[in-house]
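# Report on the structure
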Amino acid sequence: MQCPLCERVQKTNEGSYPFIIHEFKNSYLYLGEHQYYEGYCILVTKTHFREMTDLPQKMRDEVFQEMMICHEAIQKVFQPKKMNLCSLGNVVDHVHWHFFPRYADDQNFKNPPWLQMNLFDSAKTSPEKRVELIEKLKQVIPAM
Ligand SMILES: [Zn+2]
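Residues numbered from 1 in each chain as written. Predicted model: local features only at pLDDT ≥ 70, side-chain atom pairs only at ≥ 80, totals over all residues. Heavy atoms only, no water.

### Details of helix α1 (residues 4-13)
Short version of the rule: Only protein chains enter the calculation, and the probe is 1.4 Å; a residue is then buried if its accessible area is under 20% of its type maximum, exposed if over 50%, and partly exposed in between. Working definition: helices are DSSP H or I runs of at least four residues, strands are E runs of at least two. Numbering for both runs from the N terminus. The reported arc concerns the directions from the helix axis to the C-beta atoms and nothing else. Should any heavy atoms of two residues lie within 4.5 Å, those residues are counted as being in contact.
Along α1, the residues classified as buried are Leu5, Arg8, Val9 and Thr12. The arc enclosing the buried residues of α1, seen along the axis, measures out at 100 degrees, which places them on a common side. Residues of α1 that are buried sit in contact with β1 (20-23), β2 (27-31), β3 (41-45) and β5 (96-102). Looking at the residues trailing α1, positive phi occurs at glycine 15, about 80 degrees.

Written out as structure tokens, the structure reads:
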């Protein structure tokens, strides 16, 4: 079975995945296909690794810096009360991180974002929203 994140990386390389925000040396930052939590993004390594510990040491360090740039960019644009950064991989075992900005007016603020996952599809990212949010994030990333 093909890995869906390898497929996404492939599409990105071909220029046919519209949720791309930024290309780093080792990873791609994508806007989430839903925006249940506004500013939701995913960072995906370009190469398929099952565990973070499988990355060579130099790449681990570089990817960590890439992750921090993403975190700061999302923080700057959306100003959440707290960022939830998750790496699980039980469903897709290709190293990736979810950035869930969490806001003060969230009634479920103290709960993990996944408890709302049945509602994610109700907040599919519209093409207009996609363009708007990607542009906002692109504007802050090169400066970092
Ligand atoms: Zn993969």
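### Concerning the sheet that holds β5
Heads up, the rule is: The pairing criterion is simple: DSSP has to find at least two bridges between the two strands. Interaxial angles span 0 to 180 degrees and are taken between N-to-C directions of axes, which are lines fitted to C-alpha atoms, for helices over the stretch in contact.
In space, the 5 strands of this open sheet follow the order β1-β2-β3-β5-β4, with antiparallel pairing throughout. With partners counted over all chains shown, the strands left at the sheet margins are β1 and β4 (82-86), one partner each. Direction aside, neighbouring strands of the sheet carry axes that sit 20 degrees apart on average. For β2 and β3, the ladder comprises 5 bridges, and the chain directions are antiparallel.

### Looking at the pattern of salt bridges
Should their charged atoms come close, side chains of opposite charge can pair. To keep things clear, this is the line we draw: Any Lys or Arg side-chain nitrogen located within 4 Å of an Asp or Glu carboxyl oxygen qualifies as a salt bridge.
As enumerated under the stated definition, the model contains 8 salt bridges in all. Here the salt bridges share partners, and the residues they tie into one network are Lys25, Lys58 and Glu62.

### Concerning the packing of aromatic side chains
Threshold: Here a pair means two rings of Phe, Tyr or Trp (six-membered ring of Trp) with centres within 6.5 Å. Their orientation is stacked below 30 degrees between planes, edge-to-face above 60, and tilted elsewhere.
The final tally for this structure, using the stated rule, is 11 aromatic pairs. A centroid spacing of 4.9 Å and a plane angle of 90 degrees characterise the contact between tyrosine 36 and tyrosine 37, whose relative ring orientation is edge-to-face. With centroids separated by 5.8 Å and ring planes inclined at 45 degrees, the aromatic side chains of tyrosine 36 and phenylalanine 120 adopt a geometry described as tilted. Placement of the pair is tyrosine 36 in the loop between β2 and β3 and phenylalanine 120 in the loop between β5 and α3 (127-140), with a sequence separation of 84 residues. Ring-pair connections join several aromatic residues into one group, and the members of that group are Tyr36, Tyr37, Tyr40, Phe100, Trp114 and Phe120.

### Notes on the coordination of the zinc ion
Heads up, the condition is: Distances decide who is a donor: an N, O or S atom must be within 2.8 Å of the metal, or within 3.2 Å for Na, K and Ca. Water is not included, so sites may look incomplete. Here a site with four donors is tetrahedral if all angles are between 85 and 135 degrees, and a site with four or six donors is square planar or octahedral if opposite donors are over 155 degrees apart and the other angles are between 65 and 115; anything else gets the irregular label.
Within the protein, the atoms that donate to the zinc ion are Cys3 (SG), Cys6 (SG), His48 (ND1) and His94 (ND1), at distances of 2.0 to 2.3 Å. Relative to the metal, the 4 donor atoms surrounding the zinc ion lie at angles of 108 to 116 degrees, and the coordination shape comes out tetrahedral. In the primary structure, the donors to the zinc ion are separated according to the pattern C-x2-C-x41-H-x45-H. Of this pair, cysteine 3 sits in the segment before α1 while histidine 48 sits in the loop between β3 and α2 (57-78), placing them 45 residues apart in sequence. On the basis of relative accessible area, cysteine 3 is assigned to the buried category, the value being 10%.

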